[in-house]
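# Breakdown of the fold
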Amino acid sequence: MVGVVPAAGHSRRLGLLPCSKELFPVGFVTDAEKGAARPKVVAEYLLDQLRLAGVRKAFLILRGGKWDIPAYLGDGRHLGIELAYIVIPGSSGPPDSVDRAYHFIKDEIVVFGFPDILLEPAGVFPPLLEKLDEGDCEAVLGLFPASHDCRAMDMVEYDSSGRVRAIILKPETTDLEFAWACAVWTPAFTKFLHEFMGSEEMKRQAGLGGGRQIDAQGDIPVGAVIRSAVGHGIPIRCVPFAQGSYLDIGTPDDLVRASRANR
């Protein structure tokens with residue numbers, strides 16, 4: 001079981017920052033060694049979630065130039081999780097970043113999250129892993145009540161048994177209530193993602209203005225892979241957190257909200 005964290009983006013939505021957005025301080029934590037308060041950076045919230053799920057090793061996929069991330073997080077020992085870094089020259093989006101780690105993760109259960117999304121409650125991954133362990137699906141999505149702007153998230157339609165029926169990528173409007181924000185999956189899904197990245201479907205997707213008809217930044221979203229998997233009959237289930245929440249600090253407004261909520 002390994003954590004996989006894509007961190008190869010450019011943070012264009014936030015404008016000029018003094019550091020990678022994954023290292024933006026949001027709140028404080030007591031340093032275990034010194035016993036004094038220190039800033040807690042955004043990526044630590046996801047690493048905490050991974051650690052609480054029993055993940056002991058995680059791969060962070062970085063774009064060249066984001067050297068401040070390994071310089072700050074180091075080997076992760078002080079965070080209770082071993083960190084390794086895969087450095088790439090660039091990426092067409094998070095699934096491309098994940099695929100660069102293919103040969104390191106292809107035989108593992110993957111625990112996946114975004115380093116710029118804060119999730120509540122603590123411990124969101126164990127219920128997903130329990131559902132995956134039931135053996136009747138290849139991936140499990142963590143669902144959260146959609147924010148005020150559904151155009152920023154991939155909405156999920158699912159049935160009463162928790163089986164995902166459809167993924168709607170960043171719709172203009174929707175009657176759906178839940179968006180996905182984290183996931184766990186099997187080696188079979190990792191293989192599907194790998195094959196998707198080299199497929200004609202992916203080439204068509206990239207041809208849509210570099211994905212700009214889906215994402216304003218032109219990134220191909222992980223939701224496109226999940227949507228394709230559902231269309232190919234790959235069983236995917238979900239766990240809704242009806243009282244949960246997510247906060248994407250990749251936008252200025254939500255970065256302000258996160259900073260105020262974690263003072």
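Here's a quick rundown of the structure.

Cut-off values and rules
Residues numbered from 1 in each chain as written. Predicted model: local features only at pLDDT ≥ 70, side-chain atom pairs only at ≥ 80, totals over all residues. Heavy atoms only, no water. Helix = DSSP H or I, 4+ residues; strand = E, 2+ residues; numbered from the N terminus. Axes fitted to C-alpha atoms, helices over the stretch in contact; angles between N-to-C directions. Parallel < 35°, antiparallel > 145°, perpendicular 65-115°, else oblique. Contact = heavy atoms within 4.5 Å. Nonpolar A, V, L, I, M, F, W, Y, C, P; charged D, E, K, R; others polar. Salt bridge = Lys/Arg side-chain N within 4 Å of Asp/Glu carboxyl O. Buried < 20%, exposed > 50% of the residue type's maximum accessible area, 1.4 Å probe, protein only.

The subject of this paragraph is unusual backbone geometry. Cis rather than trans, the peptide bond between Glu120 and Pro121 has omega equal to 10°. Tracing the sequence through the fold places Pro121 in the loop between strand E7 (117-120) and helix H5 (125-133).

Their axes nearest at 10 Å, the elements helix H6 (residues 187-197) and helix H8 (residues 222-231) cross at an angle of 110°. When the axis of H6 is compared with that of H8, the two are roughly perpendicular. Of H8, the residues touching H6 (which contributes Phe189, Phe192, Leu193 and Phe196) are Ala224, Val225, Ile226, Ser228 and Ala229. Residues of the contact of H6 with H8, tallied by class, amount to eight nonpolar, one polar and no charged.

As a further point, take the pattern of salt bridges. Charged atoms that come close allow side chains of opposite charge to pair. Overall, the coordinates contain 12 salt bridges when judged by the stated rule. The shortest N-O distance in the salt bridge between Arg100 and Asp96 comes to 3.0 Å. Residue Arg100 is classed as partly exposed on the basis of its relative accessible area, which comes to 33%. Two residues, Arg237 and Asp136, come together in a salt bridge whose shortest N-O distance is 3.1 Å. You can see Arg237 sitting in strand E12 (residues 236-240) and its partner Asp136 sitting in the loop between H5 and strand E8 (139-145), a full 101 residues away along the chain. Judged by its relative accessible area of 34%, Asp136 falls in the partly exposed class. When salt bridges that share partners are traced, they join Lys40, Asp48 and Arg51 into one network.

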